[in-house]
Amino acid sequence: MPVKVNFGWKALRERKDALKSFGKKVVVFTGRRSSKENGSLDDLTNVLEEFGIGYTVWDEVPENPDFQSLEKALKDVGEENFDFVVGLGGGSPMDFAKAMAVLLINKDLSPEDLYKGAYEKALPVVAIPTTSGTGSEVTQYSVLTDREGNKRGFGSDLIFPKVSFVDPRYTLFMNEDITLTTGLDALCHAVEGFMSKRATPISDIFALEAVKKISEFLPKVLEDLKNERHRENMMMASLMAGIVISQTGTTVAHALGYPLTTEKGVRHGLATAVTLVEVLKVMSEEAEEKVKEILKPFGGIEGLRRFLRDLGAYKKVEISQDDIERWAEKASKARHIQFSPGNFSKETIVKIYTSLKEEYLV
Ligand code: NAP
Ligand code: ZN
């Protein structure tokens, strides 16, 4: 994990010199509102102005960014020559910036080509998260929505951010909904990374610590959204969980959650988390001890279910038998399966979705 991480309150101001070396012209990708409200865009532009770095802000990154929005951005700013890109916001703007870092410097590529890996350069990426969930500030992944409406990630070492500034202050502005969904995303990264067949002794240390922190501080921060200590702990947990998936990738829970986001509008972290209990049950058939170990802070699988239920993770969503069949067909072919312990056949996945439908979803 080669990212130079600057973690802490006022990270940008305190470590502003880390921005000096990338050149004189930058394009900043961010969302519509939040980076203006939480002070992060001002922090950034103040430093850029101080250093005489010219900037363009493209602030139309949608949630779950799609190919069409990449093309819109290319049309708007693609003619200019930039030295580096900044992704400022939640996972959506950070992932968007990573994709644009490739597209802006390989002018003949389309969004589809990002998945083919036929490129050898990307502009340097700087990541500044304003949510504590995705860990995109320390990963080589970018998750986009393709033209058919599928969420698909691509990975390349070229898009690892060079530098990230991780300031918990920006997350003080998240409301309860965003706090919950992003915190659960981080939990899924840590648990799935720990369970992944690609887990390492080192990634496991980070995963265990992240789960411990989230089990304690997610309920606390949801009770007290402006609490700085709780926010800092969640930001650190999300960062640690990001480091985990930079080594392991995610597993089948992420693949199962994607259609709940793209077709039913359930936010990414919640969509993944509601599948986690059933996924872990299947995983424990092959890796019982590991499941027990990572769920110790919750007291096991049923404890995790209670934790999620008490936080209000299980929202009502309409899903039909037809949805289940289609989603299971797709998920059973996802790459995530090969790194997930347990037998995730199409039948097993149908059962998982069906039990969700019976228990939580309409
Ligand atoms: P997001 O989609 O980036 O943002 C969700 C909402 O939160 C937006 O409305 C955004 O507003 C708002 N928001 C962001 N920061 C805020 C703040 N500080 N205060 C108040 N509101 C704020 O959410 P996310 O959960 O961070 O990212 C999810 C995306 O990341 C998904 O596409 C997911 O697939 C991807 N992901 C990527 C990785 C990876 O490794 N690359 C890992 C997991 C997930 P604005 O629109 O105004 O900014
Ligand atoms: Zn995720």
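Residues numbered from 1 in each chain as written. Chains lettered and ligands numbered in written order. Predicted model: local features only at pLDDT ≥ 70, side-chain atom pairs only at ≥ 80, totals over all residues. Heavy atoms only, no water.

Draft legend 1. Quick look at the domain arrangement of the chain. When the domains of the chain are assigned, the result is domain 1 (4-169) and domain 2 (174-359). Measuring from the centre of the C-alpha atoms in domain 1 to the corresponding centre in domain 2 gives 25 Å. In terms of surface lost to domain 2, no three residues of domain 1 exceed F7, S132 and K151, which account for 29% of the buried area on that side. Counting every contact that joins domain 1 to domain 2 gives 1 salt bridge. The partner of E63 in a salt bridge is R267, with the nearest N and O atoms 2.9 Å apart. Viewed at the interface, domain 2 and domain 1 are joined by 9 residue pairs in polar contact (both at pLDDT 80 or more). Those elements giving two or more residues to the side of domain 1 that touches domain 2 turn out to be strand 1 (4-7) and strand 6 (141-145). Of all the elements, strand 6 adds the most residues to the side of domain 1 that touches domain 2, at 3 residues. Partitioning the side of domain 1 that touches domain 2 into residue classes produces 10 nonpolar, 12 polar and 4 charged. (Domains from an automatic or database assignment. Buried area = accessible area lost by both parts, 1.4 Å probe. Salt bridge = Lys/Arg side-chain N within 4 Å of Asp/Glu carboxyl O. Polar contact = N/O pair within 3.5 Å; in protein donor to acceptor, adjacent residues only side chain to side chain. Helix = DSSP H or I, 4+ residues; strand = E, 2+ residues; numbered from the N terminus. Nonpolar A, V, L, I, M, F, W, Y, C, P; charged D, E, K, R; others polar.)

Draft legend 2. Inspection of the pairing of strand 2 (residues 25-30) at higher detail. Judged by how many residues are buried, strand 2 sits mostly within the fold: 5 of 6 residues are covered. Direction of pairing for strand 2 relative to strand 3 (residues 54-58): parallel, over a ladder of 5 bridges. Along strand 3, the bridge assignment pairs V26 with Y55. As paired strands, strand 2 and strand 4 (residues 84-89) are joined by 5 bridges and run parallel to one another. Counterpart to V26 in the pairing with strand 4 is F84. (Buried < 20%, exposed > 50% of the residue type's maximum accessible area, 1.4 Å probe, protein only. Pairing = 2+ DSSP bridges.)

Draft legend 3. Region of the structure containing a negative patch on the surface. Residues E176, D177, E223 and D224 make up a contiguous surface patch of negative charge. Checked against the element boundaries, D224 lands in the loop between helix 7 (201-223) and helix 8 (228-248). (Patch = residues over 30% accessible without salt bridge, like charges linked within 9 Å, V, L, I, M, F, W, Y side chains within 5 Å. Areas by Shrake-Rupley, 256 points an atom, 1.4 Å probe, with all protein chains shown as cover. Lys, Arg positive; Asp, Glu negative; His and termini not counted. Charge placed at Lys NZ, Arg CZ, Asp CG, Glu CD.)

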